[in-house]
Amino acid sequence: MFALSEIGWPVLDRFRLGGLFALSPHGIFTAFGFLGGAWLLGRLAPRNGIEPEHVQSIVMWSVVGSIVGARVFYVLAHLSEFHSPFEVLEVWKGGISLLGGIAGGVIVNAPRARHWGYRFFQVSDPTVVALTLGIGIGRLGDLIIGDHLGRPTSWPFA
């Protein structure tokens, strides 16, 4: 079938460094996205009355919550692919969920922000802006590895 247009590029799954070590653009850009979002949150949150020490704590606990949440949500969504509890821990084989990462960060930080006396929107407003930047940077890694591209189609509006 004739296609009016086609978008494609060579997929780069990993940078191999010797026979034992490889870096994924997905992981690299996820890390850069997290750092960029953390930087922006550090700039925006104090304008909303959030103490800089609390911003640092939120960011550090977000690392933990988002990693755990991203893996837990992935495992729950793909439960049939895991044949033993040990396979759940094999994170080097891939498998994380963006929504799980966001949920994990919220779950770990919401009670802490409430304990400090912050209102929901006082914390969430700057966080959403910072999260948007982080996700945007992270998605560049998805594009490099060819994630979410879909299947070829002949539909003219695809």
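The structure presented is a predicted model; accordingly, all values stated were derived computationally and were not measured.

Trainee: How should the packing of helix 1 (residues 25-44) against helix 5 (residues 120-144) be read in this particular structure?
Mentor: Where helix 1 contacts helix 5, the two axes come as close as 7 Å, and the packing angle between them is 165°. When the axes of helix 1 and helix 5 are compared, the pair comes out roughly antiparallel. Note that helix 1 runs across helix 5; the crossing there is right-handed. Mapping the contact onto sequence places P25, H26, F29, T30, F32, G33, G36, G37, L40, L41 and L44 in helix 1 and P126, T127, V129, A130, L133, G134, I137, G138, L140, G141, D142 and I144 in helix 5. When its residues are assigned to classes, the contact of helix 1 with helix 5 shows 13 nonpolar, 9 polar and 1 charged.

Trainee: Help me understand helix 5 in this model?
Mentor: An α-helical segment advances 3.6 residues per turn. Residues three or four places apart therefore align on the same side. With 25 residues, helix 5 extends 36 Å between its outermost C-alpha atoms, agreeing within 8% with the 36 Å of an ideal straight helix rising 1.5 Å per residue. Considering only its buried residues, helix 5 is in contact with helix 1, helix 2 (52-77) and helix 4 (98-115). Taken from the residues just after helix 5, G146 is the one with a positive phi, measuring 80°.

Trainee: What should I look at first to understand the packing of helix 4 against helix 5 in this one?
Mentor: Between two packed helices, the angle of one axis relative to the other and the distance separating the axes together describe the packing. At a closest axis distance of 13 Å, the pairing of helix 4 and helix 5 adopts a crossing angle of 155°. Looking at the two axes, helix 4 sits roughly antiparallel to helix 5. Every pair of crossing elements has a handedness; the one defined by helix 4 and helix 5 is right-handed. Contacts from L98, I102 and A113 of helix 4 reach helix 5 at V123, L131, I135 and R139. Within the contact of helix 4 with helix 5, the residues separate by chemical class into 6 nonpolar, no polar and 1 charged.

Trainee: Looking at this structure, I do not really get a nonpolar patch on the surface. What am I missing?
Mentor: Taken together, the side chains of W61, V64, V68, V72, F73, L76 and L99 present a nonpolar region at the surface, about 660 Å² in accessible area. Of the residues forming the nonpolar patch, the biggest block, 6 residues, is contributed by helix 2. Given a relative accessible area of 48%, V68 falls into the partly exposed group.

Scoring rules and cut-offs
Residues numbered from 1 in each chain as written. Predicted model: local features only at pLDDT ≥ 70, side-chain atom pairs only at ≥ 80, totals over all residues. Heavy atoms only, no water. Axes fitted to C-alpha atoms, helices over the stretch in contact; angles between N-to-C directions. Helix = DSSP H or I, 4+ residues; strand = E, 2+ residues; numbered from the N terminus. Parallel < 35°, antiparallel > 145°, perpendicular 65-115°, else oblique. Left-handed = near helix turned anticlockwise from the far one by under 90°. Contact = heavy atoms within 4.5 Å. Nonpolar A, V, L, I, M, F, W, Y, C, P; charged D, E, K, R; others polar. Expected span 1.5 Å × (residues − 1). Patch = residues over 30% accessible without salt bridge, like charges linked within 9 Å, V, L, I, M, F, W, Y side chains within 5 Å. Areas by Shrake-Rupley, 256 points an atom, 1.4 Å probe, with all protein chains shown as cover. Salt bridge = Lys/Arg side-chain N within 4 Å of Asp/Glu carboxyl O. Buried < 20%, exposed > 50% of the residue type's maximum accessible area, 1.4 Å probe, protein only.

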